[in-house]
Amino acid sequence: MIVNTIIFTIFILFLYLLIEIISYVFTPERDVELDLGDLKILGKSGESVLGVLLQNEIMLPGSCGGKGSCGLCRCKIESSKVVATEAAILSKEEQAKGVRLACQHYLYEGFREVQLAKEVLNAVSMEVEILGIEKLCSTLYEFSFKRPNGFHFEAGNYLVVKVPSYEITIFGKVIKNFELLMRAYSISSGESSDRLKIIVALVYDNLLGEAIGLGSSWLFSRVVGDKVEIVGPYGDFGLQKTSKRKCFIAGGAGIAPVLSILESNDQLEAELWFGTRRESYEAYRGLLEGLRGKNGNFSYRIAVSDDEFTCQMVDEYFLGEYLKKPEDISDVEFYLCGPGKMIESTLVMLDKVGADRRSIFYDNFG
Amino acid sequence: MDLVELAFQSIFSENVVLSLFLGLCPFIAQSRKMSTSFWLGVSVMLVMSITGPINWFLTHYLLQADALYAGLNLYFLRFLIFIAVIAAVVQITEKVILRLSASLHSQLGIFLPLLTVNCAIFGISLFAVERGYSLLETVIFSSFSGFGWLLACVVLSAIRMKIDEDSLPEGLSGNGIVFIISGLMAMAFMAFSGVRI
């Protein structure tokens, strides 16, 4: 019996050594120069493009930790093929243009260039102080950070919050996080405000009655005066400079970029269709009432998705009202922001009512 | 046994997927596109023709009764050893291909690791030993079985590409019709068993 075990163990160790030796001989670590256009950085073969960029303090956004599921670390790698994880996230046009996810591609000898959006090279990492935490409802907090000097952003941009490893107790349950996480949040304050605000919804499991979001739980346990590290700004979602009427369709925390846009353009003629759940209805209504008080050209309607009486999603609500009273929408621009599912079904709905694809802009909250 | 006959048998009348029903999962799942199925088939063939002879060697010079020294029989360990060998060969093949051709590696890249758990590859190693083939026969048997898998997978993907353009009853579309086609293909391949070379 012992002889069998020894022979088997030796055999497995032999295989392991063989693999190590062969990988050392055939794929030794080599320096690979990554060409970013204006500057060149060095990485090792086998490392992910995202990893090398982050090591060199080029702050490509991301909120899933390199798993290829958030779709934020976009860059252009023209010489590469689309891998399976990307095919689900990038559209056909993006794939054809060479847009790839930096976390899904690895350096090898002869790897050439990566093209990054301008904003990525401008994004900086900095520590900001929490000046205020406003509890909108039990699962929805608004955080105000001190705006760093020289931090410029456009309404509709987002920033990434760095969540360190931690152990906290929230709702009587201990949550542990072992790695540095990145979480993306849209900025909800105006361009000229001296505070940076974000709206954080606690990711909550209704069945278990427990908080399950690693990023949101950490932020919910912060107090005024704490320091938080943020990176940004990022994003290409924003108000188009046209004279068309603006129509926002948003869901849940997707309200944040809309608030920022409306606060930055205080007499903008706009309407908002907003979808939320019953528990946070009052909170959002309060925010929107405040905006309407300042801007007479702004109007909003709210659809509540789990109300006993009106139970409907925001796109169904819009469609229902539109069918009751069809109007000309050829001079309307649509801005969608919210969860991925909501964006998808709203795009289908807008197709149905005949909206022009070129005047639809969206910010997918994943 | 005549080697030509063994080769013919491995490809057609005893095709690994259509008559032994091994390696069905990738056969069904990866045969949507011709290019995918071809490269997967190439990987299967490559790994199969390497692991078959290695496992034959190990059985005869390590595992078999009295192979290492008199009184020691490790034959019961063959399942574990074979799987370890297959996993190692897959790893090594991947490294070698990466070194030789990065473009081939990016084509095979996602398929190679999956082969570790492909039952066709394990099955062929096992059959070669259990049927008492000689080394030469094992080489022929494993490489042509791999080719048989490649052939079946490419043929199926070609048929599926035609079928995608047809309209099918709802319950039959997708994997339903693929199973029926595989069954018909199995019967067609079975017809070769009457051929004598």
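See the structure above.
Residues numbered from 1 in each chain as written. Chains lettered and ligands numbered in written order. Predicted model: local features only at pLDDT ≥ 70, side-chain atom pairs only at ≥ 80, totals over all residues. Heavy atoms only, no water.

> Can you explain the sheet that holds strand E16 (residues 270-276) of chain A? Please cite residues and give values.
All names here are of chain A. Taken together, five strands build an open sheet; the order of strands is E17-E16-E15-E18-E19 and the sheet is parallel. Across the chains shown, the open sheet's two edge strands, defined by having one partner strand only, are strand E17 (298-304) and strand E19 (360-364). Neighbour-to-neighbour, the strand axes of the sheet open up by a mean angle of 15°, direction not taken into account. As paired strands, strand E15 (residues 245-251) and strand E18 (residues 332-338) are joined by six bridges and run parallel to one another. Across the sheet, residue Ile249 finds its bridge partner in E18, namely Leu336. In the packing of helix H10 (residues 340-352) onto the sheet, contacts are made with E15, E18 and E19, and the angle to E18 comes to roughly 155°. (Pairing = 2+ DSSP bridges. Helix = DSSP H or I, 4+ residues; strand = E, 2+ residues; numbered from the N terminus. Axes fitted to C-alpha atoms, helices over the stretch in contact; angles between N-to-C directions. Contact = heavy atoms within 4.5 Å.)

> Describe the pairing of E16(A), and please don't skip the residues or the numbers.
All names here are of chain A. In terms of burial, E16 is largely enclosed, as six of its seven residues are buried. Inspection of the sheet shows E15 paired to E16 by six bridges, in the parallel sense. Directly across from Lys246, in E16, lies its bridge partner Ala270. Where the polypeptide runs from E15 across helix H7 (residues 255-264) and back to E16, its parallel neighbour, the crossover connection is right-handed. Pairing geometry for E16 and E17, over seven bridges, is parallel. Paired with Thr276 across the strands is Val304, a residue of E17. Crossover connection from E16 via helix H8 (residues 278-294) to parallel E17: handedness right-handed. (Buried < 20%, exposed > 50% of the residue type's maximum accessible area, 1.4 Å probe, protein only. Right-handed = clockwise from strand over helix to strand, strands pointing away.)

> Please provide a residue-by-residue account of the interface of chain B and chain A, values included.
Counting residues at the interface gives 20 residues for chain B and 16 residues for chain A. Here chain B meets chain A over a buried area of about 1,700 Å², counting both sides, of which 84% is carbon and sulfur. It is Ile92(B), Lys95(B) and Arg99(B) in chain B that bury the most area against chain A; as a group they hold 30% of the surface buried on that side. On the surface where chain B and chain A come into contact, there are zero residue pairs in polar contact (both at pLDDT 80 or more). For the side of chain B that touches chain A, the secondary structure elements donating two or more residues are helix H3 (34-63) and helix H4 (78-100) of chain B. Here the side of chain B that touches chain A takes eleven residues from H4(B), the largest share from any one element. Considered class by class, the residues forming the side of chain B that touches chain A number 16 nonpolar, two polar and two charged. (Buried area = accessible area lost by both parts, 1.4 Å probe. Polar contact = N/O pair within 3.5 Å; in protein donor to acceptor, adjacent residues only side chain to side chain. Nonpolar A, V, L, I, M, F, W, Y, C, P; charged D, E, K, R; others polar.)

Geometry only, nothing functional implied.
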